[in-house]
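Observations on chain architecture
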Amino acid sequence: MNRQVLTIEDVCLRVTSGGTPSRRVSAFFKGDIPWLKTQELRDTWVYETEEHITRDAVNQSSAKLLPAHSVMMAMYGATAGKLAILGSEMTCNQAACAMVVDPDKADYRYLYYSLLNDRARIVDRANGAAQQNLSARAIKALEYSFPPIEEQRVIAATLGALDDKIESNRRASKLAQELLRARFRAWFTEYLPWGGKRPVDWREGKLRDVVDLVRTPTKPGCYPQRPYVPIDTIPMDSLGLSHSRDNSEAKSSLFTFEADDILLGAMRVYFHRVALAPYAGITRNTTFVLRPKSRSHLAFALLTLDDDATIAHANATSKGSTMPYAVWDGALAEMPLFIPPEETIERFENECAPLVELVRDQLFQSTKLQTLRDALLPDLVSGRIRVLAEEGAA
């Protein structure tokens, strides 16, 4: 089939790790250059990062500018073997390995899918007594079977079409979130349906009048079928969950949540982690589990918690300086707000329900597509099933 066995070093312009600028210089982390951490490698494209650094931070550290389409792999600890493709120019920390593919020798997406298919072997090769570790040297030496570049591109496009649909779902969800937030502002901040003035029949209340904090502790292994959603799996500025972790990783300080509960990341709340749960799951005590007083108040409750004013109040009343935690009782729960009459909230709910459902359910749709992709992956990259460039069919 005219395939060549080549190492990653053979097909890359460079293979390198990144670096972390000094945390002692806070100005380094106030730039506009995305800085990627290994926990953000989630076997998909990466377009956004939690933190950004300055040009000075790059120049004064081992961080390196990496081009779009670099293939990333986590090297250390529990995330070893996790992958991503850069959607734009970024930097990364020293726990990530960046593979800058030579486009004349390989398709970057084909390499990504080859690594994804080989994850179990890669993780087995990780070494280290205390934790699993990979090295850039070991990654460079990994060997894969590469068909001609045209066939690589067709295989990558076939698998990529499924990933593109997953990405399309993500973008549709993002647009739905923007529409929800705009509608919330129009109704409850700008009062546009009432001529720009707040109606006199809206009562003064507190956030605790809209949602309850639910604390239902559990122990590891009690709910083995429930997905584990720790705080770092709740995306920033996104109302829907996009992934979870295996239940076996849930070890301590655990709480259950139910479908349509609202998860709010309480640790460093300024990261703005607010998401609607699409299923019953498990989280940790670094996340608030909040439940609307009434099911007919779901959209209003979700968008109230997501509102910048709520996050600002939670941040202002947080405790701790190095690792601040939001406080519910006597703090966030007491945040004042005006509460509209029941019929207004229900009308808002009826208008927003389809958008809320789209945001909430995108995880299920994407999971099905990922299952299909994973079923095709080994046969396509091994050559057992061929997708021919000239025919566009197997």
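Residues numbered from 1 in each chain as written. Predicted model: local features only at pLDDT ≥ 70, side-chain atom pairs only at ≥ 80, totals over all residues. Heavy atoms only, no water.

**Notes on the environment of Val-210**
Examined against the element boundaries, Val-210 turns out to sit in the loop between strand 11 (203–206) and strand 12 (211–213). Looking at Val-210, the relative accessible area reads 4%, which means it is buried. Residues Val-210 and Pro-224 lie 14 residues apart in sequence; the distance between their C-alpha atoms is 31 Å. Filtering out sequence-adjacent residues up to four positions away, Val-210 remains in contact with Arg-291, Pro-292, Lys-293, Phe-300, Ala-301, Leu-337 and Ile-339. (Helix = DSSP H or I, 4+ residues; strand = E, 2+ residues; numbered from the N terminus. Buried < 20%, exposed > 50% of the residue type's maximum accessible area, 1.4 Å probe, protein only. Contact = heavy atoms within 4.5 Å.)

**Some points on the pattern of salt bridges**
Scanning all chains against the criterion turns up 29 salt bridges. Ionic pairing is found between Lys-174 and Glu-48, a salt bridge with its closest N-O pair at 3.4 Å. Separated by 126 residues along the polypeptide, Lys-174 in helix 6 (residues 149–188) and Glu-48 in the loop between strand 4 (44–46) and strand 5 (51–53) bring together distant segments of the chain. By relative accessible area, which is 52% here, Glu-48 ends up exposed. We note a salt bridge from Glu-167 to Arg-170, for which the minimum N-O separation is 2.6 Å. (Salt bridge = Lys/Arg side-chain N within 4 Å of Asp/Glu carboxyl O.)

**Observations regarding empty space enclosed by the protein**
Considering all chains together, one arrives at one cavity of 30 Å³ or more under this definition. The computed volume of the largest cavity comes to approximately 40 Å³. In terms of lining, the largest cavity is formed by Ile-122, Arg-125, Leu-134, Ala-138, Ile-139 and Leu-142. When its residues are assigned to classes, the lining of the largest cavity shows five nonpolar, no polar and one charged. (1 Å grid on protein atoms, 1.4 Å probe; cavity = no way out; pocket = protein on both sides within 12 Å on 5 of 7 lines; lining within 4 Å. Points joined across faces, edges and corners; volume = space filled by probe spheres on them. Nonpolar A, V, L, I, M, F, W, Y, C, P; charged D, E, K, R; others polar.)

**Structural notes on the pairing of strand 18 (residues 287–292)**
In terms of residue burial, strand 18 counts as a mostly covered element, since five of its six residues are buried. Judged from the three bridges that link them, strand 12 and strand 18 form a sheet pairing that is antiparallel. Residue pairing in the sheet places Leu-213 in a bridge with Leu-290 of strand 18. (Pairing = 2+ DSSP bridges.)

**Quick word on the nonpolar core**
In summary, soluble globular proteins display a tendency toward joint burial of nonpolar side chains. Core analysis: the biggest nonpolar cluster contains 43 residues, and Phe-288, Leu-290, Trp-328 and Phe-348 have the highest contact counts within it. Looking at which element gives the most residues to this core, the answer is helix 7 (residues 298–306), with seven residues. Setting aside anything within four residues of it in sequence, one finds Leu-290 in contact with Val-211, Asp-212, Leu-213, Asp-261, Ile-262, Leu-264, Leu-305 and Trp-328. Counting residues in hydrophobic clusters, the runner-up holds 35 residues, among them Val-11, Cys-12, Tyr-112 and Leu-377. (Core = buried A, V, L, I, M, F, W, Y, C linked by side-chain atoms within 4.5 Å.)

**What about the environment of Pro-199?**
Tracing the sequence through the fold places Pro-199 in the loop between helix 6 and strand 11. Taking the C-alpha atoms as reference points, Pro-199 and Ile-53, 146 residues apart in sequence, are found 45 Å from one another.

**A short note on the packing of helix 7 against helix 9 (residues 342–382)**
Running from N to C, helix 7 and helix 9 point in directions that differ by 80 degrees, and their axes come no closer than 7 Å. As summarised for this structure, helix 7 and helix 9 are arranged roughly perpendicular, according to the angle between their axes. Note on element contacts: helix 9 touches helix 7 through Ile-345, Phe-348, Glu-349, Cys-352 and Val-356, opposite Leu-298, Ala-299, Phe-300 and Leu-303. Among the residues forming the contact of helix 7 with helix 9, the class breakdown is eight nonpolar, no polar and one charged. (Axes fitted to C-alpha atoms, helices over the stretch in contact; angles between N-to-C directions. Parallel < 35°, antiparallel > 145°, perpendicular 65-115°, else oblique.)

**Re the environment of Lys-140**
Secondary-structure assignment places Lys-140 in helix 5 (residues 136–140). Take Lys-140: its relative accessible area is 27%, and that puts it in the partly exposed class. If sequence neighbours within four positions are ignored, Lys-140 has contacts with Thr-7, Ile-8, Glu-9 and Val-15.

**Quick notes on helix 6**
With 40 residues, helix 6 ought to run about 58 Å at 1.5 Å a step, and its terminal C-alpha atoms sit 55 Å apart, in line with that. Approximately 30 degrees is the largest bend angle found in helix 6, and it occurs at Gly-160. (Expected span 1.5 Å × (residues − 1). Bend = angle between axes of the 7 residues up to and from the residue.)

**Concerning a negative patch on the surface**
Together, Asp-201, Glu-342, Glu-343 and Glu-346 give the surface a local cluster of negative charge. Residue Asp-201 is classed as partly exposed on the basis of its relative accessible area, which comes to 48%. (Patch = residues over 30% accessible without salt bridge, like charges linked within 9 Å, V, L, I, M, F, W, Y side chains within 5 Å. Areas by Shrake-Rupley, 256 points an atom, 1.4 Å probe, with all protein chains shown as cover. Lys, Arg positive; Asp, Glu negative; His and termini not counted. Charge placed at Lys NZ, Arg CZ, Asp CG, Glu CD.)

**Structural notes on the packing of aromatic side chains**
Summed over the entire model, instances satisfying the criterion amount to 19 aromatic pairs. On the basis of an interplanar angle of 15 degrees and a centroid distance of 6.0 Å, the ring pair of Trp-45 and Tyr-47 is categorised as stacked. Looking at Trp-45, the relative accessible area reads 22%, which means it is partly exposed. A centroid spacing of 4.9 Å and a plane angle of 75 degrees characterise the contact between Phe-188 and Phe-348, whose relative ring orientation is edge-to-face. (Phe/Tyr/Trp six-rings, centres within 6.5 Å; stacked < 30°, edge-to-face > 60°.)

**Section: the state of the cysteines**
Counting across every chain of the model gives zero disulfides. The thiol of Cys-97 is unpaired, and the distance to the nearest cysteine sulfur, on Cys-92, comes to 8.3 Å. (Disulfide = S-S within 2.5 Å.)

**Topic: the packing of helix 3 (residues 108–117) against helix 6**
Contact geometry of helix 3 with helix 6 gives a least axis separation of 8 Å together with a crossing angle of 70 degrees. Classified by the angle their axes make, helix 3 and helix 6 are roughly perpendicular. Pair helix 3 / helix 6 crosses with left-handed handedness. Taken together, the residues of helix 6 that come into contact with helix 3 (itself represented by Arg-109, Tyr-110, Tyr-112 and Tyr-113) are Gln-152, Arg-153, Ile-155, Ala-156, Ala-157, Leu-159, Gly-160 and Asp-163. Across the contact of helix 3 with helix 6, the residue classes break down as seven nonpolar, two polar and three charged. (Left-handed = near helix turned anticlockwise from the far one by under 90°.)

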